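# Per-entry structural report
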Amino acid sequence: MIEELFTRNIRWAAGRTRADPEYFRRLAAQQSPEYLWVGCSDSRVPANEIVGLDPGELFVHRNVANLAPPQDANFLSVLQFAVEILKVRHVIVCGHYGCGGVRAALSGQRHGLIDHWLQPVACLCRRDAAELEAITDFDARVNEVCERNVLAQVAAVAANPFVQDAWRRGQTLAVHGWIYSVQDGLLRDLETSVDGAAGARRLDGRRRAPPPPRRRPRIEGPR
Ligand code: ZN
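It should be emphasised that the depicted structure is a prediction, and the values quoted were computed from it without experimental measurement.

### As for the overall build of the protein
- Along its length, the protein carries eleven helices and five strands.
- Compactness check: the protein gives a C-alpha radius of gyration of 19 Å against a globular reference of 17 Å for 223 residues, within 12% of the reference.
- Each principal axis of the C-alpha atoms in the protein carries an extent, and together these give about 55 × 50 × 35 Å.
- With 223 residues in all, the protein has 43% of them scored as buried.
- Counting every atom, the protein has about 11,900 Å² of accessible surface; 54% of that belongs to carbon and sulfur.

And the structure:
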């Protein structure tokens, strides 16, 4: 029942206040997060919880397949506000293994409007087709594209004029590429961080993430 959510909300707010009487007063007073999170809409990847931060500590933008499209007014509004007003110090692009959006783009099948949204991922799949086809297991191929997509989105954020202008002004700002596993709840750094225009140009020339040194988990089924 949908009404149950209001009951849960009352319980949650009371619990928070019991644990920390100043919690909501403090939150209401200001928002000064150091981080902008660009993640997937997937319900299993709750940004704040994964990194153990309270609301107010992480500015969050989520969409299907954690994209940073240079023509998306929603994403651009969030990015500009985060960089120019909140002055976040870190932009974290976080993908996740087994991403349904990546899986849809890689499948080559038609799904409707989402195919337009996922076009950058489909283009990436076509660009790297030869290397991807060498990976025979489809789930492993999906995971490879999940990683490559994060790298591509880090490059897109780093090339964005709001970010480039921030660096030109001397603002402290780094862009990071991470990936999350629903299987074990752990984040992995794809070691593609960039904190200035020179680094962004280097990223542009790279085609893929460095091979992940850690074990990559087997992935759950499609969703
Ligand atoms: Zn996803």
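### Some words on the environment of Ala13
- Looking at the secondary structure, you find Ala13 in helix α1 (residues 4-19).
- In sequence terms Ala13 and Glu133 are 120 residues apart; their C-alpha atoms lie 50 Å from each other.

### Quick word on unusual backbone geometry
- Not every positive phi belongs to a glycine, and Lys87 is a case in point at roughly 55°.
- Checked against the element boundaries, Lys87 lands in the loop between α4 (73-86) and β3 (90-96).
- Taking the relative accessible area as the measure of exposure, Lys87 reaches 48% and is therefore partly exposed.
- The backbone of Glu191 sits at a positive phi, close to 50°, despite the residue not being glycine.
- Looking at the element boundaries, Glu191 is found in the loop between β5 (187-189) and α11 (197-204).

### A few points about the packing of aromatic side chains
- Tallied over the entire structure, the rule returns three aromatic pairs.
- Here the aromatic rings of Trp12 and Phe24 are separated by 5.6 Å at their centres, their planes lie at 75°, and the arrangement is edge-to-face. With a gap of twelve residues between them, Trp12 in helix α1 and Phe24 in helix α2 (residues 23-29) connect regions that are remote in the sequence.
- Where Phe59 meets Phe81, the ring centres are 5.6 Å apart and the plane angle is 45°; that geometry is what we call tilted. With a gap of 22 residues between them, Phe59 in strand β2 (residues 58-63) and Phe81 in helix α4 connect regions that are remote in the sequence.

### Some details on the pattern of salt bridges
- Within this structure, the stated rule accounts for 13 salt bridges.
- A salt bridge links Glu144 to Arg148; the nearest nitrogen and oxygen atoms lie 2.8 Å apart. In this pair, Glu144 and Arg148 are both assigned in helix α9 (residues 138-159), four residues apart and thus about one turn of the helix distant.
- Residue Glu144 is classed as buried on the basis of its relative accessible area, which comes to 5%.
- Sharing partners across several salt bridges, the network here consists of Arg127, Asp128, Glu131, Glu144 and Arg148.

### Some points on the domain arrangement of the protein
- Looking at the protein, the domain boundaries give domain 1 (1-30) and domain 2 (33-207).
- Taken over C-alpha atoms, the centre of domain 1 sits 31 Å from the centre of domain 2.

Cut-offs and rules
Residues numbered from 1 in each chain as written. Predicted model: local features only at pLDDT ≥ 70, side-chain atom pairs only at ≥ 80, totals over all residues. Heavy atoms only, no water. Helix = DSSP H or I, 4+ residues; strand = E, 2+ residues; numbered from the N terminus. Rg over C-alpha atoms; globule rule 2.2 N^0.38 Å. Buried < 20%, exposed > 50% of the residue type's maximum accessible area, 1.4 Å probe, protein only. Areas by Shrake-Rupley, 256 points an atom, 1.4 Å probe, with all protein chains shown as cover. Phe/Tyr/Trp six-rings, centres within 6.5 Å; stacked < 30°, edge-to-face > 60°. Salt bridge = Lys/Arg side-chain N within 4 Å of Asp/Glu carboxyl O. Domains from an automatic or database assignment.

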